[in-house]
Each structure stands twice: as structure tokens, then as C-alpha cells.
Amino acid sequence: MSGRFFIDTNILVYANDASSGAKRDTARSLIARALETRTGCLSTQVLQEFFVTVTRKAGVTPENARTQILILGQLETVIADEEMIVQAVDLHIIHHISFWDALIVRAARSAGCGTLLTEDLQHGQVIEGVRVENPFHA
């Protein structure tokens, strides 16, 4: 993977999940690389989902999650506007993917990312010029 890449929520969650083993290590490495090289991007949607998920399911305190969000905020963060939401609806209709996944794809494209790191879509699939990569795919 070269160039700009978009990090989906599940990567951030795995980085905080002590029971996820190798996935945790991979996720932490990807986040470190994103911060070090400044080639990683995310969206406000990802940060919101991250906070809710890790504080409800991973035992992360709200204070710790807040600190992580401040650190992750060093990356380019896409803010969804009305146009992006409408475009996500169109992707949902055309590609038969969930609206939330479509919004992630649109955010990745908006940030100029050639790669979307996620478990939520089909590995190798290309949507709107963004290639889906599952970093945990064997």
C-alpha cells in the first residue's frame, strides 16, 4: 500500500481490543504509520463511531478515548457535508452497500485516498476509484 489511505473505525477499535491478538498489533502499526507519515486519513464519522464503540465494548474510559481522538485529530479528518451525504446515498443505491459504508467510501475519496482500510467491505473491491483493503486478510 502506497499513497494516502483512509482508516475505518474497526482499525481503531482493534487497536484498543486486548483480546484481538495479531489484529491489535496490525491495527496499532497502521495507526502509528498513519501518524508518522501523515498519509492516513479518517472522518468525523469514524471518530464518533470509535468513541461509542470503545467506551461501550472495549472498556476504554471516556477520558482515554478523548485523548486518542485528540491524537488521531492530527490526521486529515473529513467532515461530511450535505453533498457528501447525498453522494453516499447514491453509492448505497448503486453498489448495494450500507449507507454508513458508502459515507466512508465518499470520505476516503474526498480526502484523495487510493486505499480504504476496513473489514466491512469486500477485500480488493474498487468503489469510485478507492480500493478496499482488509489489513487482516490472509
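This text follows the structure it describes.
First, a word on what this report is: a plain description of the structure on this page. Remember, predicted model here, so these are calculated numbers, not experimental data. Within every chain, residues take consecutive numbers counted from 1 along the sequence as written. Local features in this predicted model are restricted to residues of pLDDT 70 or higher, and side-chain atom pairs are both shown and tallied only at a pLDDT of 80 or more, whereas totals for entire chains, interfaces and linings draw on every residue. Hydrogens and water molecules were not included; the side-chain quantities draw on all heavy atoms of the structure.

### Concerning the environment of Leu75
Phase 1: Helix numbering and strand numbering both begin at the N terminus, where a helix is a DSSP run of H or I of at least 4 residues and a strand a DSSP run of E of at least 2. Inspection of the secondary structure puts Leu75 in the loop between α4 (62-72) and β3 (76-78).
Phase 2: Taking the C-alpha atoms as reference points, Leu75 and Asn16, 59 residues apart in sequence, are found 18 Å from one another.
Phase 3: Throughout, a contact is declared for two residues whenever any of their heavy atoms are within 4.5 Å. Not counting the four nearest positions on each side in its chain, Leu75 is found in contact with Ile7, Ala34, Leu35, Gly40 and Leu42.

### Concerning the pairing of strand β2 (residues 40-43)
Phase 1: The classification of residues rests on relative accessible area computed with a 1.4 Å probe and restricted to protein chains. Under 20% of the type maximum is buried, over 50% is exposed, and intermediate values are partly exposed. The alternating pattern of β2 places Gly40 and Leu42 on one face and Cys41 and Ser43 on the opposite face, and all of these are buried.
Phase 2: In this analysis, strands are considered paired if DSSP registers two or more bridges between them. As defined by bridge partners, β2 adjoins β3 across three bridges and the pair is classed as parallel. Its bridge partner lying in β3, Leu42 is registered against Thr77.

### Overview of the sheet that holds strand β4 (residues 115-117)
Strand pairing in a sheet relies on backbone hydrogen bonds, with the paired strands running either antiparallel or parallel.
Phase 1: The mixed open sheet is built from six strands, whose spatial order is β3-β2-β1-β4-β6-β5. The two strands at the open ends of the sheet, each matched to only one other strand, are β3 and β5 (126-127).

### A word on the environment of Gly114
Phase 1: Locating Gly114 in the fold gives a position in the loop between α6 (99-110) and β4.
Phase 2: Taking the C-alpha atoms as reference points, Gly114 and Gly3, separated by 111 residues in sequence, lie 6.9 Å from one another.
Phase 3: Other than its neighbours up to four places away in sequence, Gly114 contacts Arg4, Gly129, Val130 and Arg131.

### Regarding the side chain of Asp8
Phase 1: Along the chain, the position of Asp8 falls in the loop between β1 (5-7) and α1 (9-14).
Phase 2: Buried charge without a salt bridge: Asp8, with Lys23 as the nearest opposite-charge side chain at an N-O distance of 13 Å.
Phase 3: A 3.5 Å cut-off defines polar contacts: any pair of N or O atoms within that distance qualifies, except that in protein one atom must be a possible hydrogen donor and the other a possible acceptor, and neighbouring residues in sequence count only when both atoms are side-chain atoms. Of note is the side chain of Asp8, whose polar atom sits 2.6 Å from the side chain of Thr118.
Phase 4: Sequence-distant contacts of Asp8, that is, excluding residues within four places in its chain, are made with Val46, Glu49, Ile104, Leu116, Leu117, Thr118 and Asp120. We score Asp and Glu as negative and Lys and Arg as positive, and we do not count His or the chain ends. Between Lys or Arg on one side and Asp or Glu on the other, a salt bridge is scored when a side-chain nitrogen of the former is within 4 Å of a carboxyl oxygen of the latter.

### So, the pattern of salt bridges
Phase 1: Under the definition given, this model contains five salt bridges.
Phase 2: The partner of Lys23 in a salt bridge is Glu119, with the nearest N and O atoms 2.9 Å apart. Taken as a pair, Lys23 in helix α2 (residues 22-37) and Glu119 in the loop between β4 and β5 lie far apart in primary sequence, 96 residues in all.
Phase 3: Taking relative accessible area as the criterion, Lys23 reaches 28% and is therefore assigned partly exposed.
Phase 4: Judged by relative accessible area, Glu119 falls into the partly exposed class, the value being 27%.

### Section: the packing of aromatic side chains
Phase 1: Any two rings among Phe, Tyr and Trp, with Trp reduced to its six-membered ring, count as a pair given centres within 6.5 Å; such a pair is stacked if its planes are under 30 degrees apart, edge-to-face if over 60, and tilted if neither. A complete count under the given rule lists two aromatic pairs for this structure.
Phase 2: With a centroid separation of 5.0 Å and 75 degrees between ring planes, the pair formed by Tyr14 and Phe136 is classed as edge-to-face. One end of the pair, Tyr14, is in helix α1; the other, Phe136, is in the segment after β6 (130-133), and 122 residues separate them in sequence. Just as Tyr14 is buried, Phe136 falls in that class too.

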